[in-house]
Amino acid sequence: MRHVVNRFYDGPTPTRRFLVADETGLGKSVVARGVIAETVERLLRDDHTERIDVVYVCSNSDIAAQNLARLNVVGSDRVEFRTRLTMLAAHSHDLNSGAERYGKAINLIAFTPATSFEKGWRTGKAEERALLAVLVERMLEVSGYERTALHRALQGGVHTLDRFRGEIERYRALDLDQTIVNAFATSLQGSPPLAQLERLIVDIGQKRHLTEEQRERTRVITGELRDHLARASVHALEPDLIILDEFQRFRHLLALNQTGGKSEAAELAHHLFNWDQARTLLLSATPYKAFTLAEEDDAGTDHYTDFMTTLEFLSANDEAWLASVRGALAQHRGQLLAGQDVRQVANELRKLLLQFMCRTERPTVDGARIEVSTPATGVTAADLVDYVGLRDLARAVDGQVQVEYWKSAPYFVNFLEGYQVGERLKSRLKQNSQDEALNAALARVSRLNPSGLTRYEPSDMGNARLRALAARTVGDSWWQLLWIPPSMPYIGPDGPYAQPFADRITKQLVFSSWSATPTAIASLLSYEANRLLAEGSSKLTENTATARGRLATLLDYRMEQGRPGAMSTLALFWPHPELARVADLLEAARSSPARLLEATDAEAWVLQRLRNAATTDSSGKSTDVISDFFAWPGSIPSGARQGAANVLSGSLQEEERPDDDEHGQHHSARLAAHVHEALSAASSRHPSPDLAHLAAFSPGNAAWLALNRLVTADDDVDEEALWSAAAVLANGLRSLFNRTESTLLLERLYPDLHYWQAVLAYCRAGNLQAVLDEYLHHLRSTSGEDRLTGSTLRDLARTAVATLSMRPSPYKAFDPDDPDEGIPFSSRFALRYGTARGQAEDVRLPEIRAAFNSPFWPFVLTSTSVGQEGIDFHWWCHSVVHWNTPSNPIDFEQREGRVNRFGGHAVRRNLASSHREDVLRSDEPDPWKAAYDAAKGTLPALGDFCPYWVFPGRYAVERHLLPFPLSKDGARARALKRDLVHYRLALGQPRQEDLLAALGDAMTVTPIDLRPPV
């Protein structure tokens, strides 16, 4: 960070552009945060700067949502929003707000190129067209039917004109930025798009419906109008620092002159880059194609061209400097091929390149990465017959199929969305479903059995690779776990968590080169998990949404004869601060730091603490454990009593259930009756083993303790706010245990217990308290807030609740026998991340990512290149499955970089193994802060990377390969790994593959060192 700041602001020849190309997973966003902090600090002292704008550009909204909080260096004293460049006119008044604390507004604004610099989908979003309608009608001064015609032209996909006009009214009422409004009007005046729009208004006239020709004209004109508005909006921004994150996904914005002429998108982006004294920080582990094969070089998409294009942008086309770099690179190549000493020229290249870029590599730690090759030996005779059938089917529809299709996608005919064969098959079936030749070909292909799936019958995975993955996930009883075991348990595990598989488990991140694979994996693994859960159940015998809907939820607040009938449910999810403090399992573990307490020992410890506390007040008579729970003093802060029912009602997570019971009573009314009874309990203390058990393992108390550990003396969080946040989180846990999967599992594991008792038993078995402590600590570490308030603490709780209450993803497989209906799958155990064709489900990407980055389901996430760059998947996963061997060694790095990151699962497990006793001997309330503090400086050879990025131990980042026997998979993987080791040597060189081949395997030369100077 210091080197970047020095190059931006200090020294004799500062630069306005700099690239941080650190290895994947090493925290480039941490560097960016530091640069932002330094920039803000300098500009706050600059009297000529009235407002500080930091513009963050990334490839998609999910990355923006993930990283904006990390880049926040001023807490809540900033304006942060994600928008489109075209919408700035409606938001720019926000840019000058938020100056109370520092005297200057500080803004963090996020854009994505596809929605701000590219014309993309020409009609844009409804809000853009509504804003355009307001601006254009003022320019043209239209009224009456002409204004209606304008609205119809811009209505786009909005269902009714009245609804679109409601959107227009919203923007008409705003105080729009006049700088943008005037710039837009000036730009548009006399332009072809405006003239075309005026003619279109006349043509539409008083017609109620547009012709197809008019719709096409509208699409073209709207795209042009959006472009004019984007250009006008650029001038409203006054960027001081621009951050281009993972910019390799939109590197076309860097070069103004491209094949085919000048790029309008790049020209628009350069308005930002060239603003006054703005600095541009580029972040990417792969800022250029780091390694290209010979055929890519021949196609003109080579590493050398890409590398030099990046350097041209960074140096602002400094020809003298670029000539020096080209000369040094040529000399380096010549000396390498001649076997000469290259250290001098490598050092010269280092000095040149460090002016505009730097790259830090992860230190080598023995055992930090392991490779597990599991040959896909489960190929059956039926699989081979299936390939022949698939080939015949492709011929029947005049399509093509590769053997890789068959190797990668089980039941390809059912999961063929987006493939040529699939589209042609659908078309032929639509034309003639009785095509005998086609039906004969279909009969020879493996297909899912819809009726068997409806009856929860076992279904073969249909593919050797998927059988291997299933065997070590659902086949290894992972479906018995509702959450990943904690890295640092407080008590000994029990039930399924005491089984050997629970010690091995880490979530699985699967990458495939084929778009059919993610949906197939997610659907079939989730089906098998659901089938195993339902196996032997008399309550769920049919795999349909209707049958699942009939399954009663067991943790609802029901009334019985006019009185609360589920006080045990309320006790489970009621945060009881006083009992939580007395029954804190972390404190129990600290009473015996050198050994792992058994649950029975911990309960005995809690019972003794209850008895010690009860000596001061044991009035009244014990009736039952639930009554004793609410009667124990300190059940709720006094300031929270009055609004307790509203807090709890607002945090209820009802998943697809009606709000009213059979008597028509709304859930909030039923809950209010329960809360009233709880608060009416006479104060008394009656310790008992049952109360110790409830106090120690209830989800409500676990939620309160986990949140309480985050609160420090510097935070602005009172007892009422803490209780409210805990109530939100606890009721999210209620949603978890109210799921169909949870109900089936707990009734199977604990058939002799009431359901509320089974919940306690499961929380005890799975160390829920330790899990929440670990999860909440890491949520807090990514929040970006320097100081907690009641509001931000509740936001943390809501973030966790969103993962707990996430609905299953509905996937649909194609059914050739019923093409219009398909085969439905309800998936939660395994999910896909992203779709190749940008389907509607892609709006759930942040939700799916957050769920995978929690300890709860999904346990398997499958993706294509969509999830390969810039996304964090490491909080509870250190295992990457390469479904296909990627074509480029950089793909290996990028995929595994998703889990080999700051505070990753493997790091935490090793940290807990080494420093658990140090944590338990510490008096630090947050055990994970204590763990990191204990490990700092213990391995000085690893520098600042330890303990956050690397920490040696038993657990490692796992690379899983699934080669088919007698195939090229093994040889391809070996070649790829060889190139992965050596590709850095060919930095900046043309014909990299040829260079490495000429140098051979016995290379001892070190790559060019681009680490920043100390």
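Per chain, the residues get numbers from 1 upward, laid out in the order the sequence is written. Restriction of local features to residues with pLDDT of at least 70 applies here, the model being predicted, together with a cutoff of 80 or more for giving and counting side-chain atom pairs; totals for whole chains, interfaces and linings are based on all residues. Side-chain measures were taken over the full set of non-hydrogen atoms in the model, leaving aside hydrogen atoms and water.

Under the annotation held in an unreviewed UniProt entry, the protein chain carries the name Helicase domain protein and is attributed to Modestobacter italicus.

A. Geometry of the sheet that holds strand S10 (residues 369-373). We call two strands paired when DSSP finds no fewer than two bridges between them. Numbering of helices and strands runs from the N terminus; a helix is a DSSP stretch of H or I covering at least four residues, while a strand is a stretch of E covering at least two. If you walk across this open sheet you meet the 6 strands as S10-S19-S18-S11-S17-S16, and the pairing is parallel. Two strands close off the open sheet at either side, each with one partner strand: S10 and strand S16 (830-833). Pairwise comparison of adjacent strand axes, ignoring direction, gives a mean angle of 20° for this sheet. Across the face of the sheet, helix H40 (residues 845-852) comes into contact with strand S11 (507-511), S16, strand S17 (860-863) and strand S18 (877-882) while running at roughly 135° to S16. Convention adopted: a line fitted to C-alpha atoms gives each axis, helices being fitted over their contacting stretch, and angles between N-to-C directions are expressed from 0 to 180 degrees. Only heavy atoms enter the contact rule, under which two residues are in contact if any of them lie within 4.5 Å.

B. Spatial organisation of the packing of aromatic side chains. Two rings from Phe, Tyr or Trp (for Trp, the six-membered ring) form a pair when their centres sit within 6.5 Å of each other. Planes less than 30 degrees apart are called stacked, planes more than 60 degrees apart edge-to-face, and all others tilted. Counted under the stated rule, the structure contains 32 aromatic pairs. Both rings, one in Trp 406 and one in Phe 964, keep their centres 5.6 Å apart while their planes meet at 45°; by these two values the pair is tilted. With Trp 406 in helix H18 (residues 403-408) and Phe 964 in the loop between strand S19 (957-961) and helix H44 (969-982), this residue pair connects regions lying 558 residues apart in the sequence. In this structure, Trp 406 and Phe 964 share a single accessibility class: buried. Here Trp 857 and Phe 859 contribute two aromatic rings whose centre-to-centre distance is 6.2 Å and whose plane-to-plane angle is 65°, an arrangement assigned as edge-to-face. As far as burial versus exposure is concerned, Trp 857 and Phe 859 are alike and both buried. Exposure is judged per residue with a 1.4 Å probe applied to protein chains only, and the accessible area is read against the type maximum: over 50% gives exposed, under 20% gives buried, and values in between give partly exposed.

C. The arrangement of the pattern of salt bridges in detail. We count a salt bridge whenever a side-chain nitrogen from Lys or Arg sits within 4 Å of a carboxyl oxygen from Asp or Glu. Counted according to the given criterion, the structure contains 61 salt bridges. A salt bridge links Glu 38 to Arg 42; the nearest nitrogen and oxygen atoms lie 2.9 Å apart. Of this pair, Glu 38 and Arg 42 both sit in helix H2 (residues 28-44), 4 residues apart, roughly one helical turn. Classification of Glu 38 as buried rests on a relative accessible area of 14%. Arg 42 sits in the partly exposed class, given a relative accessible area of 23%. The residue Arg 172 makes a salt bridge to Glu 137 at a minimum N-O spacing of 2.2 Å. Taken as a pair, Arg 172 in helix H8 (residues 161-172) and Glu 137 in helix H6 (residues 126-140) lie far apart in primary sequence, 35 residues in all.

D. Summary view of empty space enclosed by the protein. As defined here, a cavity is a set of points on a 1 Å grid over the protein atoms alone where a 1.4 Å probe fits but cannot get out. A pocket is an open set with protein on both sides within 12 Å along at least five of seven lines, and residues line them when an atom is within 4 Å of a point. Grid points are joined across faces, edges and corners, and a volume is the space filled by probe spheres set on the points. Here the structure, examined in full by the defined rule, presents 7 cavities of 30 Å³ or more. Here the lining of the largest cavity gets 4 residues from one element, more than from any other, and that element is helix H42 (residues 905-920). The residue classification treats Ala, Val, Leu, Ile, Met, Phe, Trp, Tyr, Cys and Pro as nonpolar and Asp, Glu, Lys and Arg as charged. All others, Gly included, are polar. Across the lining of the largest cavity, the residue classes tally to 12 nonpolar, 5 polar and 3 charged.

E. Broad picture of the packing of helix H35 (residues 719-738) against helix H39 (residues 790-804). Packing of H35 against H39 leaves a shortest axis separation of 9 Å and a crossing angle of 0°. Here H39 runs roughly parallel to H35, going by the angle between their axes. Here Ala 721, Leu 722, Ser 724, Ala 725, Val 728, Leu 729, Gly 732, Leu 733, Ser 735 and Leu 736 of H35 lie close against H39, whose contacting residues are Gly 790, Leu 793, Arg 794, Ala 797, Arg 798, Ala 800, Val 801 and Leu 804. Here the contact of H35 with H39 is built from residues that sort into 12 nonpolar, 4 polar and 2 charged. Angle categories are assigned with fixed cut-offs, so that under 35 degrees is roughly parallel, over 145 is roughly antiparallel, 65 to 115 is roughly perpendicular, and the rest are oblique.

F. Inspection of helix H41 (residues 889-897) at higher detail. The buried fraction of H41 is high, at 9 of 9 residues. Burial in H41 covers these residues: Pro 889, Ile 890, Asp 891, Phe 892, Glu 893, Gln 894, Arg 895, Glu 896 and Gly 897.

G. Fine view of the nonpolar core. Nonpolar core, defined: a set of buried Ala, Val, Leu, Ile, Met, Phe, Trp, Tyr and Cys residues in which side-chain atoms within 4.5 Å join the residues together. Counting residues in each nonpolar core, the largest one holds 190 residues, and the members touching the most others are Trp 483, Leu 525, Trp 574 and Phe 737. The greatest single-element share of this core, amounting to 12 residues, is contributed by H35. The domain limits used here are those given by an automatic or database domain assignment. Here this core gathers at least three residues from each of two domains, domain 1 (1-117 + 237-315) and domain 4 (558-653 + 660-766 + 786-805). Look past the residues within four positions of Trp 574 in its chain and what remains in contact with it is Phe 629, Phe 630, Ser 635, Ile 636, Ala 644, Leu 648, Val 675, Leu 679, Gly 700, Asn 701 and Trp 723. With 82 residues, the next largest nonpolar core counts Leu 19, Ile 221, Val 234 and Phe 307 among its residues.

H. Here's a closer look at the environment of Thr 743. By secondary structure assignment, the location of Thr 743 is in helix H36 (residues 740-749). Distance in space between the C-alpha atoms of Thr 743 and Ala 534 is 10.0 Å, their sequence separation being 209 residues. Setting aside residues up to four positions removed in sequence, Thr 743 forms contacts with Leu 554, Phe 737, Asn 738 and Tyr 755.

I. Structural view of the confidence of the model for the protein chain. Across the chain, each position has a pLDDT score giving the predictor's confidence in that residue, from 0 to 100. Mean pLDDT over the protein chain works out to 87, with 90% of the residues at or above the 70 mark. This stretch, residues 653-658, has a pLDDT under 50; its non-local contacts, to residues over four places away or in other chains, come to 22 contacts.

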